[in-house]
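# Chains, contacts and geometry: an overview
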Amino acid sequence: MLNRDLIFSEKRSYRIQRHLLFWLTWWLYFGFLHALNPMLNNPGNPQMAFFINLPFSIVESLLLLIPQTVLAYPLMYFVLPRFIFPGKYLRAFLWTLVFLLICVVFNTFMVQQVNQKLITFLLPEKFHGHINRSPILSFYMGLLGSLKGTITGTSLAIAVKLVKHWYLKEQTNLKLLKENTESQLQLLTAQVHPHFLFNTLNNIYSRAQNESPATAKMIIELSHIMRYVLDEGKQTLVPLEKELQMITDYINLEKMRYDQKLDLRVSLPPGTDHIYIAPLLLLPFVENCFKHGASKMLHQPWINLKIELHELTLSMKLMNGKKISWHSHQNRKGTGIDNVKRRLELLYKNRYDLRIDEDEEVFVVNLTLELVQLNPSKPIAQPVNTQKEYV
């Protein structure tokens, strides 16, 4: 379990250990391998023994690690997530050439201007003969170090990152599949004779139209919500328009309980054509406002909901008053919000920002979400999850 965490965990401590272990291993391997080539270390004496070359090779290999990171980390944290994973291969190739050129220039500069001075300072005088290289040979060493050692080390680092990326992606898919399976099982358990349920609601609605129009309106709103949960809740994505309409129906149903006592302000965006969202993602926040906010306030309950849409970015700001309580933070926690947080992390990882702030009298939810726009004539696929991975 420890080895698995060291390789795949995203915790900062494991990531640092993983990086240090990788570069330590590569440094020692490169240093010992470099010591086997005495011709490059001291062309005037190609017969020098391996163990005589080793101290020089170890120190020089450590200094050569610095330029290698100039190529490795930009490729891992810039080129891979921005261009390779989205499939923009031409841009990835061009950026790779740019970083490779920077690495060659930097590595050549280090070999010619920095490494020799540092080695002279760090090693005893008997090893100084190794660094008596001509400018042409120093340039050749810098170029060779960039094209051989740097590319090899960077390739190994990228290989480790790709293995981790695909492993985490597979684990996310398995977790999402498990969540969907459990949700469908719960949904099937709840779908006990749905036709009977809706027929009964329709009969009650028909009678209530004459006897109590307000009750009839509540029944029809409840029917819309239940049908949405049963029919659309099992879908991967639903039109944003339907999700907002379901929230409207829920709010209309809730505000009937308060008559004119509830100060309710709702602003929803127009123009949501062909924009899709995971179903039942916003409702728990709205439900929480009524359950833990308005219903607990005896005087002047209020709720303010504002949802905006800027191209494919949805922004929701939800505020409500709340009863002052010493245990407000504990009372507010619930499975609904926790489930939404897990779904956001699974479905929209690195494509959402959720901030929940609470003080004595106000509860605020700020949610920003990157949605998708689909052609309704095509089958709906799983939402694209462009994850930002760490090595």
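Residues numbered from 1 in each chain as written. Predicted model: local features only at pLDDT ≥ 70, side-chain atom pairs only at ≥ 80, totals over all residues. Heavy atoms only, no water.

A sheet is described by the order of its strands in space; here three strands give the open sequence β1-β3-β8, paired in antiparallel fashion. Only two strands of the sheet have a single partner each, and these edge strands are β1 (238-239) and β8 (372-373). With two bridges joining them, β1 and strand β3 (residues 275-277) adopt antiparallel strand pairing. For P239, the partnering residue across the bridge sits in β3 and is Y276. (Pairing = 2+ DSSP bridges. Helix = DSSP H or I, 4+ residues; strand = E, 2+ residues; numbered from the N terminus.)

A cluster of nonpolar residues, L90, F93, L94 and L97, forms a patch on the protein surface that exposes about 420 Å² of accessible area. With respect to the helices, strands and loops of the structure, L97 is situated in helix α5 (residues 89-122). (Patch = residues over 30% accessible without salt bridge, like charges linked within 9 Å, V, L, I, M, F, W, Y side chains within 5 Å. Areas by Shrake-Rupley, 256 points an atom, 1.4 Å probe, with all protein chains shown as cover. Salt bridge = Lys/Arg side-chain N within 4 Å of Asp/Glu carboxyl O.)

Turning our attention to a negative patch on the surface. Taken together, the side chains of D357, D359, E360 and E361 define an acidic patch exposed on the protein surface. With respect to the secondary-structure elements, E361 resides in the loop between β6 (352-358) and β7 (362-370). Judged by its relative accessible area of 47%, E361 is partly exposed. (Lys, Arg positive; Asp, Glu negative; His and termini not counted. Charge placed at Lys NZ, Arg CZ, Asp CG, Glu CD. Buried < 20%, exposed > 50% of the residue type's maximum accessible area, 1.4 Å probe, protein only.)

Turning our attention to the confidence of the model for the chain. When pLDDT is averaged across the chain, the result is 76; 73% of the residues are at 70 or more. With pLDDT under 50 throughout, residues 326-333 is counted as low confidence; its partners more than four residues away or in other chains account for twelve contacts. Note that residues 381-391 has pLDDT below 50 and, in this model, 42 contacts with residues that lie over four places away or in other chains. (pLDDT = per-residue confidence, 0-100. Contact = heavy atoms within 4.5 Å.)

In this structure the tally under the stated criterion is three salt bridges. One salt bridge connects E308 with K306, and the closest N-O pair in it is separated by 3.3 Å.

Moving on to helix α2 (residues 12-35). If you check α2, its first and last C-alpha atoms are 34 Å apart, about what 24 residues at 1.5 Å a residue would give, namely 34 Å. Of all the residues in α2, the buried ones are Y14, R18, H19, F22, W23, W26, W27, F30, G31, H34 and A35. (Expected span 1.5 Å × (residues − 1).)

As a further point, take the packing of helix α8 (residues 213-231) against helix α9 (residues 240-255). The description of two helices packed together rests on the angle between their axes and the distance between the axes. Interhelical geometry of α8 versus α9 gives an angle of 145° and a closest axis separation of 9 Å. For the crossing formed where α8 meets α9, the hand is left-handed. Between α8 and α9, the residues in contact are M218, E221, L222, H224, I225 and Y228 and K242, E243, M246, D249, Y250, N252 and L253, respectively. Its residues assigned to classes, the contact of α8 with α9 comprises seven nonpolar, two polar and four charged. (Axes fitted to C-alpha atoms, helices over the stretch in contact; angles between N-to-C directions. Left-handed = near helix turned anticlockwise from the far one by under 90°. Nonpolar A, V, L, I, M, F, W, Y, C, P; charged D, E, K, R; others polar.)

This next bit is on the nonpolar core. By size, the foremost hydrophobic cluster in this structure holds 46 residues, and its most contacted members are I277, F285, M316, Y348 and L371. The contact partners of I277, leaving out residues within four places of it in the chain, are L237, V238, L240, E243, L282, Y348, L369 and L371. Counting 25 residues, the second largest nonpolar core, distinct from the first, contains F22, W23, L65 and M76. (Core = buried A, V, L, I, M, F, W, Y, C linked by side-chain atoms within 4.5 Å.)

Two faces belong to every sheet, and in a regular strand the side chains alternate between them. Relative to strand β5 (residues 313-321), strand β4 (residues 302-310) runs antiparallel, the two sharing eight bridges. Following the sheet pairing, K306 is matched in β5 by K317. Connecting the antiparallel pair β4 and β5 is a turn made up of two residues, with E311 showing a positive phi of about 55°.

Turning our attention to the packing of α9 against helix α10 (residues 283-292). Between α9 and α10, the least distance of the axes is 10 Å, while the angle of their chain directions is 15°. With respect to their mutual orientation, α9 and α10 come out roughly parallel. The crossing of α9 and α10 is right-handed. In this structure, α9 contributes E243, M246, I247, Y250, I251 and E254 to the contact, and α10 contributes L283, V286, E287 and F290. For the contact of α9 with α10, the per-class residue count stands at seven nonpolar, no polar and three charged. (Parallel < 35°, antiparallel > 145°, perpendicular 65-115°, else oblique.)

Okay, the environment of L354 next. For L354, the position within the fold is in strand β6. Considering only alpha carbons, one finds L354 and K341, 13 residues apart in sequence, at a separation of 8.5 Å. For L354, the residues in contact, after removing those within four places along its chain, are F285, K341, L344, V365, N366 and L367.

The next point concerns the sheet that holds strand β2 (residues 263-267). Hydrogen bonding along the main chain pairs the strands of a sheet, whether they run parallel or antiparallel. Taken together, five strands build an open sheet; the order of strands is β2-β4-β5-β7-β6 and the sheet is mixed. Edge positions in the open sheet fall to β2 and β6, since each of these has one partner strand only. Neighbour-to-neighbour, the strand axes of this sheet turn through a mean angle of 5°, independent of strand direction. Inspection of the sheet shows β2 paired to β4 by five bridges, in the parallel sense. Looking across to β4, one finds that V266 is bridged to L305. Along the sheet, α9 makes contact with β2, β4 and β5, crossing β4 at roughly 170°.

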